Structures are given as C-alpha cells and as structure tokens.
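Residues per chain, in single letters:
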Amino acid sequence: GNSVTQMEGPVTLSEEAFLTINCTYTATGYPSLFWYVQYPGEGLQLLLKATKADDKGSNKGFEATYRKETTSFHLEKGSVQVSDSAVYFCAVGGSNYKLTFGKGTLLTVNP
Amino acid sequence: NAGVMQNPRHLVRRRGQEARLRCSPMKGHSHVYWYRQLPEEGLKFMVYLQKENIIDESGMPKERFSAEFPKEGPSILRIQQVVRGDSAAYFCASSRDSESNQPQHFGDGTRLSIL
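Keep in mind that this is a model prediction, so the values were computed, not measured.

S.K.: Looking at this structure, how should I read the overall build of chain A?
M.R.: The number of helices and strands found in chain A is zero helices and twelve strands. Each helix and strand of chain A, ordered N terminal to C terminal, gives the series β-β-β-β-β-β-β-β-β-β-β-β. Taken over the C-alpha trace, chain A has a radius of gyration of 13 Å; the compact-globule value for 111 residues is 13 Å, and the two agree within 12%. Along the longest, intermediate and shortest principal axes, the C-alpha atoms of chain A span 45 × 30 × 20 Å. Looking at chain A residue by residue over its 111 residues, the buried ones come to 43%. A separation of at least 24 residues holds for 55% of the contacts in chain A among residues at least 6 apart in sequence. When the accessible surface of chain A is summed, it comes to about 5200 Å², and 49% of that surface belongs to carbon and sulfur atoms.

Written out as structure tokens, the structure reads:
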C-alpha cells in the first residue's frame, strides 16, 4: 500500500523565517499529492495539491513541487507568520480514493 | 456554511455504551469518507460510502463498528460497546467523485472520549 513519511516535529520558527517541511512517499501508479493544514480544534483544510510530476501546488505563500524522481513533495514558505502555527499533513491519493497521511508536523511560529 | 458538517463536536461515553457520529457532506457531494485520528498520529482511512452503499470498509474494525449513508439524511458512524481505545478524533470528508485528483473536504471532526 501507499505510505508517507514526513519530517517529525515540532518545528519552532521566528516570524519571517523560511519554512521547509519534508515529505516523501511510496505509491504505485501515478498518485496525486496533497498538503493539509489543521488548526487547533478544527478539521483538516486542503492547503495545496499537485496531480502529476513536476507540478507545483501553491496557496497562501506555501509551495510544494511534485518530484517523481525523488518521490518527494516538500512544503516551503519563504516567510512564515504567527498565524501559520498549525499541524501540517502530507497525503498521497493513489489510484483509488483512499488518502494516506503522514503523522503530521506541528509548526509553532513565535513573534 | 456549505462545508462538511459533523456533530457532535465532542462526545463523551462510558465503556460499553454506544456512540453515534453524524456527517453531512458538502452540497453536491455524494461520496463520504470516514477517518480516525489517534493522538499524535495521522489520519487513518476507515470507510468509504456512496448513497446507500458501502464501497470500501477495509479500514474499519470488523467488530463493533458500522457505517451507513442513507438516501436521505447524514452519514452515520456507529460504535457499539465502546472501549477506552476508541477514544480518538473521527473525521468525515466528502468529495464530488472518487477520482484521486479530486480533493476531499473535511469536517471539523468529532472528538470521542471514553470514560
């Protein structure tokens, strides 16, 4: 089956710092890749997605590029804000409908 | 709010009781998925339903757990004779179809606590 390995947290940054959260996956076929964000006490919100190799997903200053050769989908943001503090989940959607999630990375951004 | 609606947000049960979790998908979505999130873990797939049909329940425990999505009304995840290990956050998601590139939209979850 599919699997996702993402960088373990917690990650603590100062405001305006650069963020990278690593994510690698194993999957058969041609999966779609997703990053979801979960704010405290809330459900998951789709942050960005990429559906084929070399696609770049982007939203709210976050970016991730689908790298098939390295089976990676690392999340980046050039300048984080306090409001970005949340748990970030990398997920892979295979040829079926099941999403397979990583364990999540807690990001805390300090003013 | 046209998003995925789950209720209750919090549910407390004693061991041996039944828990019923409800999920109304987004408008226009006929595919529903249930996931379970244990503390400090990612979400694990439990079951996938379309209206009146269970398509895949491979992630759901064989005993005590059941799910339905009737023609009218919300999807229900039912846990009978709850045990401490059932304490978790249960999330429902919906999508327009089941293609892998279609994002699943999640509700805010039901946090189940077993005393």
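S.K.: What is the right way to look at the sheet that holds strand E1 (residues 5-7) of chain B in this model?
M.R.: Backbone-to-backbone hydrogen bonds join strands into a sheet, with any given pair of strands oriented parallel or antiparallel. All names here are of chain B. Across the sheet, which stays open at both edges, the four strands sit in the order E1-E3-E8-E7 with antiparallel pairing between neighbours. A single partner strand is all that each edge strand has here, and the edge strands are E1 and strand E7 (65-68). Strand after strand, the sheet turns through a mean of 15 degrees between neighbouring axes, direction not considered. The sheet contact formed by E1 and strand E3 (residues 19-24) spans three bridges and is antiparallel. Within E3, the position partnered with Gln-6 by the bridge is Cys-23.

S.K.: What is the right way to read the pairing of strand E7 (residues 56-59) of chain A from this model?
M.R.: Every regular strand shows the same layout, with side chains that alternate between the two sheet faces. Residue and element names in this part refer to chain A. Two elements, E7 and strand E8 (residues 62-65), share four bridges in a ladder whose sense is antiparallel. Looking across to E8, one finds that Asn-59 is bridged to Phe-62. Remark: two residues form the turn of the hairpin made by E7 and E8, two consecutive strands paired antiparallel; Lys-60 in that turn has positive phi of roughly 55 degrees.

S.K.: Is there a simple way to explain the side chain of Thr110(B) in this structure?
M.R.: Residues and elements named next belong to chain B. With respect to the helices, strands and loops of the structure, Thr-110 is situated in strand E11 (residues 110-114). A relative accessible area of 0% places Thr-110 in the buried class. At 2.6 Å, the side chain of Thr-110 forms a polar contact with the backbone oxygen of Pro-8. Excluding its chain neighbours within four sequence positions, the residues that come into contact with Thr-110 are Gln-6, Asn-7, Pro-8, Arg-9, Leu-11, Leu-21, Ala-88, Ala-89 and Tyr-90.

Rules used throughout
- Residues numbered from 1 in each chain as written.
- Chains lettered and ligands numbered in written order.
- Predicted model: local features only at pLDDT ≥ 70, side-chain atom pairs only at ≥ 80, totals over all residues.
- Heavy atoms only, no water.
- Helix = DSSP H or I, 4+ residues; strand = E, 2+ residues; numbered from the N terminus.
- Rg over C-alpha atoms; globule rule 2.2 N^0.38 Å.
- Buried < 20%, exposed > 50% of the residue type's maximum accessible area, 1.4 Å probe, protein only.
- Contact = heavy atoms within 4.5 Å.
- Areas by Shrake-Rupley, 256 points an atom, 1.4 Å probe, with all protein chains shown as cover.
- Pairing = 2+ DSSP bridges.
- Axes fitted to C-alpha atoms, helices over the stretch in contact; angles between N-to-C directions.
- Polar contact = N/O pair within 3.5 Å; in protein donor to acceptor, adjacent residues only side chain to side chain.

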